[in-house]
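Here is what each chain is made of, one letter per residue.
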Amino acid sequence: MDRKIKSADIQTAIDEAYEKYKDSDEGKIDELVSATSDTFGISIVLTDGRIFEKGDTKAVSPMGRIALVPSHVLVLSQNTPEQLVQKAGVCTCGCHKGIKPDIPVSAHGIRAVSVISPQGDPEGKYNIMVDNIEDLAGCRPILDDKLYEQLKQKAVNANTINKIAAAEYSLYDDADIAVDLYVRLASLTFTATQFATMGATIAADGRNPVTGQEVFDGRIAANVVATMARGVHREGRAWMMTVGLPAANSFGGAVLAILPGFGAIAAYSPALDDKGVSLKAGKAIYEIAKKLQLNVFASARVTVEK
């Protein structure tokens, strides 16, 4: 079953969501982020390369926890889903083996980075990860050096490495290497359109729709999307029930949502709610998904007319 929508409908949905929330002054900007609350941009990139934008789509924000998305592309390129499940500290039935450490950076992100090969070679691994991100997003990411140093210090102050050890949290590389590399990834900056291009590459089974490059084996695309199925950070089932799109978000204010076969929506605004999710970005994606009837659980495959 297919459902067709017009390209004009996509732009209209973006425009309406932008106008509805652009003047909102709710939320609080993370202390590590240098931005103003009126910054707001929305971008949709389709699997055929068409781009729809509104607002401040050239403003950059840190990748934060969205770093899990490209990390999982590499992890699943190097491991089967079954191997990844085991390395994630759960068995195939879903029961947890360990306790996640209480740390201010993503424990899941640190573990994912530790699984990526090569182990014991931080610069070699970092180059592989950045090359992968460049292929996914179609641009070379820029590291925010100041943010990187701040996040490193935050990890040190929180005694992150010792807490990981105390929780017997399974890592597959040296803890100091894994933590540092994850913090570096979280400090890379992107625009909303670059985030959306990254998501559209996954939605297009590994082919970057803007550059035309085959980035990864399309057979793992569904597994990559599955790792995003919890929705935005701390929202879990509520996000998936109300929005219906696998997603990830950053403390910087970016939210990335993917619909396989269709493309990706990315929105950015730095003011966050009490759960750490961008108020404008999250609400805008909700409005667009409802307006266009985009839902990963729906039976209809959505195509966009030329």
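Residues numbered from 1 in each chain as written. Predicted model: local features only at pLDDT ≥ 70, side-chain atom pairs only at ≥ 80, totals over all residues. Heavy atoms only, no water.

1. Re the confidence of the model for the protein
The predicted model of the protein has a mean per-residue pLDDT of 92, with 94% of residues at 70 or higher. Note that residues 91–96 has pLDDT below 50 and, in this model, eight contacts with residues that lie over four places away or in other chains. (pLDDT = per-residue confidence, 0-100. Contact = heavy atoms within 4.5 Å.)

2. Re the nonpolar core
Counting 66 residues, the largest nonpolar core has Met63, Ile110, Leu185 and Phe190 as the members making the most contacts within it. With eight residues, helix α8 (residues 175–186) is the largest single contributor of residues to this core. When sequence neighbours within four positions are dropped, the list of residues in contact with leucine 185 reads Met63, Ala67, Ser71, Val113, Tyr126, Met129 and Ile133. (Core = buried A, V, L, I, M, F, W, Y, C linked by side-chain atoms within 4.5 Å. Buried < 20%, exposed > 50% of the residue type's maximum accessible area, 1.4 Å probe, protein only. Helix = DSSP H or I, 4+ residues; strand = E, 2+ residues; numbered from the N terminus.)

3. A closer look at the pattern of salt bridges
On inspection of all chains with the given rule, the structure shows 15 salt bridges. Residue aspartate 131 is joined to arginine 140 by a salt bridge in which the shortest nitrogen-to-oxygen separation is 2.7 Å. The class for arginine 140 is partly exposed, based on a relative accessible area of 42%. Note that arginine 184 is salt-bridged to aspartate 180, the shortest N-O span being 3.4 Å. Here aspartate 180 and arginine 184 lie together in helix α8, a separation of four residues that amounts to about one turn. Residue classification places arginine 184 among the buried positions, given a relative accessible area of 9%. The class for aspartate 180 is partly exposed, based on a relative accessible area of 21%. Salt bridges linked by common partners bring Asp48, Arg50 and Lys306 together as one network. (Salt bridge = Lys/Arg side-chain N within 4 Å of Asp/Glu carboxyl O.)

4. A look at the sheet that holds strand β4 (residues 51–55)
Taken together, the five strands give an open sheet; going across it, the order is β4-β3-β10-β9-β8, and neighbouring strands pair in antiparallel fashion. For this open sheet the edge positions go to β4 and β8 (247–249), each flanked by a neighbour on one side alone. The average angle at which neighbouring strand axes cross in this sheet is 10°, direction not considered. On top of the sheet, helix α12 (residues 279–292) reaches β3 (41–46), β9 (254–259) and β10 (263–268); it is set at about 145° to β10, its chief contact. (Pairing = 2+ DSSP bridges. Axes fitted to C-alpha atoms, helices over the stretch in contact; angles between N-to-C directions.)

5. Section: the pairing of strand β12 (residues 301–305)
Burial of β12 is one-sided: the residues Val302 and Val304 facing one way are buried, the residues Arg301, Thr303 and Glu305 facing the other way are not. Taken together, the five bridges between strand β1 (residues 2–6) and β12 define a ladder with parallel strand orientation. Within β12, the residue paired with aspartate 2 across the bridge is arginine 301.

6. A word on the side chain of threonine 201
Looking at where threonine 201 falls in the secondary structure, it is placed in helix α9 (residues 192–203). Overall, threonine 201 belongs to the buried group, its relative accessible area being 0%. At 2.9 Å, the side chain of threonine 201 and the backbone oxygen of leucine 136 are in polar contact. Residues within four places of threonine 201 in sequence aside, it is in contact with Leu136, Gly206, Arg207, Asn208, Pro209, Val215 and Phe216. (Polar contact = N/O pair within 3.5 Å; in protein donor to acceptor, adjacent residues only side chain to side chain.)

7. Considering the packing of aromatic side chains
Applying the stated criterion across every chain yields a total of two aromatic pairs. Arranged with centres 5.1 Å apart and planes meeting at 10°, the rings of tyrosine 18 and phenylalanine 40 form a pair that is stacked. Highlighted residues: tyrosine 18 in helix α1 (residues 7–21) and phenylalanine 40 in the loop between β2 (28–29) and β3, separated in sequence by 22 residues. When its relative accessible area of 0% is taken as the criterion, phenylalanine 40 is described as buried. Look at phenylalanine 190 and phenylalanine 195: their rings are 5.2 Å apart centre to centre, the planes differ by 45°, and that puts the pair in the tilted class. Residues phenylalanine 190 and phenylalanine 195 agree in their burial class; the two are buried. Positioned over the ring face of tyrosine 169 is arginine 111, at 3.7 Å from the centre of the ring. (Phe/Tyr/Trp six-rings, centres within 6.5 Å; stacked < 30°, edge-to-face > 60°. Lys NZ or Arg CZ within 6 Å of the ring centre and 35° of its normal.)

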